[in-house]
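Below are the chains, spelled out letter by letter.
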Amino acid sequence: RVCERCMNLDPELRCSMDYVVAELSRVLCDVDGVHPLVERDRMELWSLHTSLGAILLRELTKSSEDYVQAEVHLDAALELAAEIEGEESWLFATSLKNLATSFHVQRKYDEDKSLSERAIAIGEKTLGADHPDIAEMLNNLANSLEGQGKYDEAKPLLERAIAIGEKTLGAE
């Protein structure tokens, strides 16, 4: 996976766009249409699409075309997650969350909310309702709702996220 490989790189090069693009190209070139992707390669490809989408989202000030490119990679990661582990898996929920972030940044709040709610539902089934990752997703959804001025909808989500955090990490 990209993150494991990045750990051995110079800190300035870790998860850089050039590295991720090179790795994505390498994996895609290894798959010449004759050899099916093995499970490890599909997970690596998922990780690469996810990493590249995240990098593009961080770099959005450089080019508005990055929105489109980020979505392309995050959509590809979502499709791979569905193929690898199914649409009720934590991997799929993580991919939904990442794509929702893309929509949030673009102020596509309806799409963001829909994907976030689905990710939360899947996450609650796979990890449990009190998992810290659920708290993070609740917080993200609440931030989206706050951005739309929907404070009454955001408040219970934030309260629940805080309660999960206090339960799992302690009240301090």
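Residues numbered from 1 in each chain as written. Predicted model: local features only at pLDDT ≥ 70, side-chain atom pairs only at ≥ 80, totals over all residues. Heavy atoms only, no water.

Q: Would you explain the overall build of the chain in this entry?
A: The number of helices and strands found in the chain is 8 helices and 0 strands. Listing every helix and strand of the chain by position from the N terminus yields α-α-α-α-α-α-α-α. Looking at the chain as a whole, 40% of its 172 residues qualify as buried. Considering only residue pairs separated by 6 or more positions, the chain has 56% of its internal contacts joining residues 24 or more positions apart. Summing over all exposed atoms, the chain offers an accessible surface of approximately 9700 Å²; the carbon and sulfur share of this is 52%. (Helix = DSSP H or I, 4+ residues; strand = E, 2+ residues; numbered from the N terminus. Buried < 20%, exposed > 50% of the residue type's maximum accessible area, 1.4 Å probe, protein only. Contact = heavy atoms within 4.5 Å. Areas by Shrake-Rupley, 256 points an atom, 1.4 Å probe, with all protein chains shown as cover.)

Q: I would appreciate a short explanation of the confidence of the model for the chain in the present structure.
A: Detailed reading of the predicted coordinates is not advisable wherever pLDDT falls low. Residues of the chain with pLDDT of at least 70 account for 70%, and the chain-wide mean is 77. Mean pLDDT values for the elements of the chain range from 39 in helix α1 (residues 2–6) up to 95 in helix α6 (residues 109–127). Residue range residues 1–15 is modelled with pLDDT below 50. Its contacts to residues more than four positions away, or to other chains, number 21 contacts. (pLDDT = per-residue confidence, 0-100.)

Q: What should I look at first to understand the nonpolar core in this one?
A: One broad trend across soluble globular proteins is that nonpolar side chains are buried collectively. Counting residues in each nonpolar core, the largest one holds 35 residues, and the members touching the most others are Trp46, Leu96 and Leu138. Only α3 (39–58), α4 (65–85), α5 (90–105), α6, α7 (132–147) and α8 (151–169) provide two or more residues apiece to this core. (Core = buried A, V, L, I, M, F, W, Y, C linked by side-chain atoms within 4.5 Å.)

Q: Would you mind showing me how to read the packing of α5 against α6 here?
A: Two quantities define a packed helix pair, namely the angle between the helix axes and the distance between the axes. At a minimum axis separation of 8 Å, α5 and α6 run at an interaxial angle of 160°. Classified by the interaxial angle, the pair formed by α5 and α6 is roughly antiparallel. The crossing of α5 and α6 is left-handed. Taken together, the residues of α6 that come into contact with α5 (itself represented by Trp90, Phe92, Ala93, Leu96, Lys97, Leu99, Ala100, Phe103 and His104) are Tyr109, Glu111, Asp112, Leu115, Ser116, Arg118, Ala119, Ile122, Gly123, Thr126 and Leu127. Among the residues making up the contact of α5 with α6, the classes are represented as 12 nonpolar, 4 polar and 4 charged. (Axes fitted to C-alpha atoms, helices over the stretch in contact; angles between N-to-C directions. Parallel < 35°, antiparallel > 145°, perpendicular 65-115°, else oblique. Left-handed = near helix turned anticlockwise from the far one by under 90°. Nonpolar A, V, L, I, M, F, W, Y, C, P; charged D, E, K, R; others polar.)

Q: Where do I start with α7 in this structure?
A: Residues lying three or four places apart along an α-helix face the same way, a consequence of the helix completing one turn every 3.6 residues. For α7, spanning 16 residues, the distance from its first C-alpha to its last is 23 Å, which sits close to the expected 22 Å at 1.5 Å a residue. Three or more residues of α7 are buried, namely Ile134, Ala135, Met137, Leu138, Leu141, Ala142, Ser144 and Leu145. Buried residues in α7 make contact with α5, α6 and α8. (Expected span 1.5 Å × (residues − 1).)

Q: Explanation requested: the environment of Gln69 in the structure shown.
A: Relative to the helices and strands, Gln69 is located in helix α4. The spatial distance from the C-alpha of Gln69 to the C-alpha of Leu57 is 9.0 Å, given a sequence separation of 12 residues.

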